[in-house]
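# Inside the fold
Read off the chains here:
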Amino acid sequence: RRSSARLGTMTKQVPIEELESLVKRAVKNIGYSEGDAETLTRVMMHAEVHGNNQGISKLYRPQDMGFNPKAGPLVFENETKLSVVVNGNQRAGMVALETAVDKAIEKASVSGMAITGTYNTYTSTGMLAYYAHRVAEKDFIALVMAGLPEMVAPGG
């Protein structure tokens, strides 16, 4: 598969594997760890190949992808057999939400359902359909929602 990247009025075809490698390298250059860079790249590439605006264009907006050197580890709060809240501890929203989805899948696999939430993240969670797709691949149903900062008008 190939992706088209627009350069002004010019379009350049780039093999997906090459684009993925470049995106991961760019994310690591921002300061993200190998594991976080893999997650951010996976989420952005999913958006990119599906024509969603939550793809690699985020790399051009520091407020969407900025690295927080003061971020701490993810913290699981209020965990039960059916639920957990993931405190992002100022880490990337994509990392926190993917972790919450992993926990939801793990819990639902045992109990048949689960609910998870995230908060205290530093950046965007990216394309929400990516996370719903991951849950659907495991034959579960997902409702994935995100909050917006007060200065952003709700869609609709």
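Higher on the page you've got the structure.
Here's what I pulled together on the structure shown here. (Residues numbered from 1 in each chain as written. Predicted model: local features only at pLDDT ≥ 70, side-chain atom pairs only at ≥ 80, totals over all residues. Heavy atoms only, no water.)

## Notes on the overall build of the protein chain
How we decide: For the purposes of this entry, the term helix denotes a DSSP run of H or I that reaches at least four residues, the term strand denotes a run of E that reaches at least two, and both are numbered from the N terminus. Any two residues whose heavy atoms approach within 4.5 Å at even a single point are treated as in contact.
A tally of regular secondary structure across the protein chain gives five helices and five strands. Listed by position from the N terminus, the elements making up the protein chain come as β-β-α-α-α-β-β-α-β-α. When contacts within the protein chain are restricted to residue pairs at least 6 apart in sequence, long-range pairs at least 24 apart make up 56% of them.

## Here we look at the sheet that holds strand β3 (residues 75-77)
Stated precisely, the cut-off is as follows: Pairing between two strands is assigned when DSSP locates at least 2 bridges connecting them. In this analysis, axes come from line fits to C-alpha atoms, helices being fitted only over the stretch in contact, and the angle between any two N-to-C directions falls in the range 0 to 180 degrees.
Taken in spatial order, the three strands make up an open sheet running β3-β4-β5, and their pairing is mixed. In the strand order of this sheet, the two ends are held by β3 and β5 (115-119), each with one partner. Here the average twist between neighbouring strands, direction ignored, is 25 degrees. As paired strands, strand β4 (residues 83-87) and β5 are joined by five bridges and run parallel to one another. Each bridged residue has a counterpart across the sheet, and for valine 86 the counterpart in β5 is threonine 118.

## Considering unusual backbone geometry
A negative phi holds for most residues other than glycine; trans holds for most peptide bonds. This is how the line gets drawn: Each residue's exposure class comes from its accessible area (1.4 Å probe, protein chains only) as a fraction of the maximum for that residue type: buried when under 20%, exposed when over 50%, partly exposed otherwise.
If you check the backbone angles, asparagine 78 has positive phi at about 50 degrees while not being a glycine. Among the structural elements, asparagine 78 can be located in the loop between β3 and β4. On the accessibility criterion, asparagine 78 (63% relative accessible area) is exposed. Positioned with a positive phi, asparagine 120 is a non-glycine residue whose angle comes to about 60 degrees. Positionally, asparagine 120 belongs in the loop between β5 and α5 (128-137). Residue class for asparagine 120 comes out partly exposed when judged on its relative accessible area of 30%.

## A few points about the environment of glycine 112
Residue position: glycine 112 is located in the loop between α4 (93-111) and β5. By relative accessible area, which is 52% here, glycine 112 ends up exposed. Distance from glycine 112 to leucine 82, taken between C-alpha atoms, is 8.8 Å for residues 30 residues apart in sequence. Residue contacts for glycine 112: discarding those within four places in its chain leaves Lys107 and Phe140.

## Quick look at helix α2 (residues 34-49)
Operational definition: In this scheme, a helix's expected span is set at 1.5 Å multiplied by one less than its residue total.
For α2, built from 16 residues, the straight-helix expectation of 22 Å at 1.5 Å per residue is met to within 8% by its first-to-last C-alpha distance of 22 Å. Of all the residues in α2, the buried ones are Asp36, Ala37, Thr39, Leu40, Thr41, Val43, Met44, Met45, His46 and Ala47. Once α2 finishes, glycine 51 follows within two positions and takes phi at roughly 70 degrees, a positive value.

## Regarding the side chain of lysine 58
Put simply, the test is: The term polar contact refers here to a pair of N or O atoms within 3.5 Å; inside protein, the definition further demands a hydrogen-donor-capable atom paired with an acceptor-capable atom, and it admits residues adjacent in sequence only when both atoms are side-chain atoms.
Tracing the sequence through the fold places lysine 58 in the loop between α2 and α3 (62-65). At 3.0 Å, the side chain of lysine 58 and the side chain of glutamine 54 are in polar contact.

## What to know about the pattern of salt bridges
For clarity, the cut-off: Within this document, salt bridges are pairs made up of a side-chain nitrogen of Lys or Arg and a carboxyl oxygen of Asp or Glu, the two lying within 4 Å of each other.
Enumeration according to the criterion identifies nine salt bridges in this entry. By sharing partners, the salt bridges in this structure join Lys24, Lys28, Glu34 and Glu38 into a single network.

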